[in-house]
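Chain and residue survey
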Amino acid sequence: MNYIKEKIPPIREDRLKACMAFGGSCCDISRQSKQGCLYANNRKFSQSQGCQLTLSLAILNTLRDTVIIVHSPIGCGANLLAQAGVSKSFQKLRDPGAFGLRWINTNLDEMDVVNGGEEKLKAAVLYANKEYRPSAIIIMTSCVPALIGDDIDGVVDEMQKQVSAKLVPIHCEGFRTKIQATAYDAVYHGILRTLVGTEEEEQPILIDDLEEIKRRYRISRTVNVLNVSSMSRTDEEALIKLLKALDLNVRILPCYAHPDDFADSFEAALNVSICATHDDYFVEHMQSNYQIPFILRTIPIGIANTNKWIRDIAVFFGLEEQAERLIAYEVRELKTALKPYEEFLKGKTAFLAGGEIRIITMAEMLHSFGMEIIGLRGFHFDQYGERLLEELME
């Protein structure tokens, strides 16, 4: 099914049969996942997970030249106050002229619950467009407008004719899912529906049209690297350096990108995920709609998994020999630099908590340092953890 045709994306419990409640060994969860026995393994009540609205905000507050409207009571966007400094700093690393985080709350109250909050949302859109003149206005829906039936998409259709900014509705109501990672799908759903451009019909290439030939060659060497708030700008620069060493062009999406960066994101030869938990929704639709292949295997943490990441990309472009030379050089340098840390960490124990892909790759890295991994606690588990878990258990 092409979910992009729908206004609201499915939740992960339904789309991936993801599970968020399990106690047992890695062997047990691997076996039960393959047998389809984990579906609906969810707690009846939980306050230990974050809300998908807050995770969506963590991603979208990084976008440059945007204004975020949190359509909610005043408390739902409060965590943005703690992220403003980091957001501005990292935005400026991409663009020295970046303004930083700008957000508005519609401050829904008891009367709005009775009468509806659409008028407040319309006023907020007009204010954001007039005050800041952004490239895009991102409208985040919370539990309250969803419960009272505010027609967010209807408001967007009406207001888009009155403002210059592109309106991007994000349906991320917290009550819809117990799995916070559904936020990644909600964010990508809104981006794919509103910001990603439509490729023009292919035109025949004229022999003397050198610019067009150069453009198509550039596209054939371009990689979209997807980083949804998992890594810092320093980490991104390290990955860009590795791929440029293979003579590839790199476009980083979606964090700290400009809304215009998505318009031609289909002009790429390959989509490469940094983490399958984040990116499967985006890459699957880009393949379906624009025939762009993707790599969705591991996260480049530690030597072993970073090498897998590089090799997968190199195989796609036929650059295996160059990749092996690059890996040999990098590993040689790392072995020397990491030796003092290995001596310090050897024999120590670790218990890891976090996203399923991250904790599995972190476990492999710490194990390579001689540490003993005594347990893993993932936020949820689905099919994308199976393969990495098999490799870890080996």
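To start, this report covers the structure provided alongside it. (Residues numbered from 1 in each chain as written. Predicted model: local features only at pLDDT ≥ 70, side-chain atom pairs only at ≥ 80, totals over all residues. Heavy atoms only, no water.)

**Concerning the sheet that holds strand 8 (residues 294-295)**
- Taken in spatial order, the 4 strands of this open sheet run 6-5-7-8, and their pairing is parallel. Two strands lie at the open edges of the sheet, namely strand 6 (249-254) and strand 8, each paired on one side alone.
- Here 4 bridges tie strand 5 (residues 222-227) to strand 7 (residues 270-273), and the two strands are oriented parallel to one another. Counted as the bridge partner of Leu 226 is Ser 273 from strand 7.
- Its contacts with the sheet place helix 13 (residues 302-317) against strand 5, strand 7 and strand 8, and it is angled at close to 170 degrees to strand 7. (Pairing = 2+ DSSP bridges. Helix = DSSP H or I, 4+ residues; strand = E, 2+ residues; numbered from the N terminus. Contact = heavy atoms within 4.5 Å. Axes fitted to C-alpha atoms, helices over the stretch in contact; angles between N-to-C directions.)

**So, the nonpolar core**
- One finds Met 140 and Ile 313 to be the most contacted residues of the largest nonpolar core, which totals 94 residues.
- If one sorts the elements of this core by residue count, helix 9 (residues 182-194) sits on top with 7 residues.
- Ile 313 has contacts with Leu 243, Leu 248, Leu 270, Val 272 and Ile 295, leaving out every residue within four places of it along the chain.
- Formed by 16 residues, the second largest nonpolar core is a distinct cluster that contains Ala 128, Val 155, Val 156 and Met 159. (Core = buried A, V, L, I, M, F, W, Y, C linked by side-chain atoms within 4.5 Å. Buried < 20%, exposed > 50% of the residue type's maximum accessible area, 1.4 Å probe, protein only.)

**Some thoughts on the pairing of strand 9 (residues 349-354)**
- By the alternation rule, side chains of strand 9 split into Ala 350, Leu 352 and Gly 354, which are all buried, and Thr 349, Phe 351 and Ala 353, of which none is buried.
- Direction of pairing for strand 9 relative to strand 10 (residues 372-378): parallel, over a ladder of 6 bridges. The partner of Phe 351 across the bridge, within strand 10, is Gly 375.
- Crossover strand 9 to strand 10 through helix 15 (residues 356-368) is right-handed. (Right-handed = clockwise from strand over helix to strand, strands pointing away.)

**A look at the sheet that holds strand 3 (residues 136-141)**
- In space, the 4 strands of this open sheet follow the order 2-1-3-4, with parallel pairing throughout. Either end of the sheet is taken by a strand with one partner, and the two such strands are strand 2 (103-105) and strand 4 (166-171). In this sheet, adjacent strand axes meet at a mean angle of 20 degrees when their direction is disregarded.
- Pairing of strand 3 with strand 4, which is carried by 6 bridges, proceeds in the parallel orientation. Bridge assignment links Ile 138 to a residue of strand 4, and that residue is Val 168.

**Let's talk about the pattern of salt bridges**
- Considering all chains together, one arrives at 24 salt bridges under this definition.
- Here Lys 34 makes a salt bridge to Glu 390, at a shortest N to O gap of 2.2 Å. Of the two residues, Lys 34 sits in helix 2 (residues 26-34) while Glu 390 sits in helix 16 (residues 383-393), which places them 356 residues apart along the sequence. (Salt bridge = Lys/Arg side-chain N within 4 Å of Asp/Glu carboxyl O.)

**Let's talk about the pairing of strand 6**
- In terms of strand pairing, strand 5 meets strand 6 through 6 bridges, oriented parallel. Bridging across to strand 6, Leu 226 finds its partner in Leu 253.
- The β-α-β motif built from strand 5, the intervening helix 11 (residues 233-244) and the parallel element strand 6 has right-handed crossover chirality.

**Description of the packing of aromatic side chains**
- Under the criterion given, the structure shown has 5 aromatic pairs.
- When the ring of Tyr 3 is compared with that of Tyr 281, the centres are 6.2 Å apart and the planes differ by 20 degrees; the resulting orientation is stacked. Here Tyr 281 lies in helix 12 (residues 276-290) and Tyr 3 lies in the segment before helix 1 (12-15), a separation of 278 residues in the sequence.
- For Tyr 281, a relative accessible area of 1% puts it in the buried group. (Phe/Tyr/Trp six-rings, centres within 6.5 Å; stacked < 30°, edge-to-face > 60°.)

**Details of the side chain of Thr 222**
- In this fold, Thr 222 is placed in strand 5.
- With relative accessibility at 6%, the residue Thr 222 sits in the buried group.
- A distance of 2.6 Å separates a polar atom in the side chain of Thr 222 from the backbone oxygen of Arg 218.
- Those residues within four positions of Thr 222 in sequence are excluded, and the remaining contacts are Asn 249, Arg 251, Glu 267, Ala 268, Ala 269 and Leu 270. (Polar contact = N/O pair within 3.5 Å; in protein donor to acceptor, adjacent residues only side chain to side chain.)

**Focus: unusual backbone geometry**
- At the junction of Leu 253 and Pro 254, the peptide bond is cis and its omega measures out at -10 degrees in the coordinates.
- For Pro 254, the location among the structural elements is in strand 6.
- Unlike most non-glycine residues, Asp 65 shows phi in positive territory, near 55 degrees.
- Tracing the backbone through its elements, the reader meets Asp 65 in the loop between helix 3 (52-60) and strand 1 (66-71).
- Classification of Asp 65 as partly exposed rests on a relative accessible area of 27%.
- Located in the positive-phi region is Arg 133, a residue other than glycine, with phi close to 50 degrees.
- The residue Arg 133 is located in the loop between helix 6 (118-132) and strand 3 in this model.
- Since its relative accessible area comes to 54%, Arg 133 is described here as exposed.

**Regarding helix 2**
- Residues of helix 2 that are buried: Ile 29, Ser 30 and Ser 33. Along the axis of helix 2, the buried positions cluster into a sector of 100 degrees, meaning they face one direction only.
- Turning to helix 2, the residues buried within the fold contact helix 16.
- Just beyond helix 2, the residue with positive phi is Gly 36, at close to 75 degrees. (Arc of directions from axis to C-beta.)

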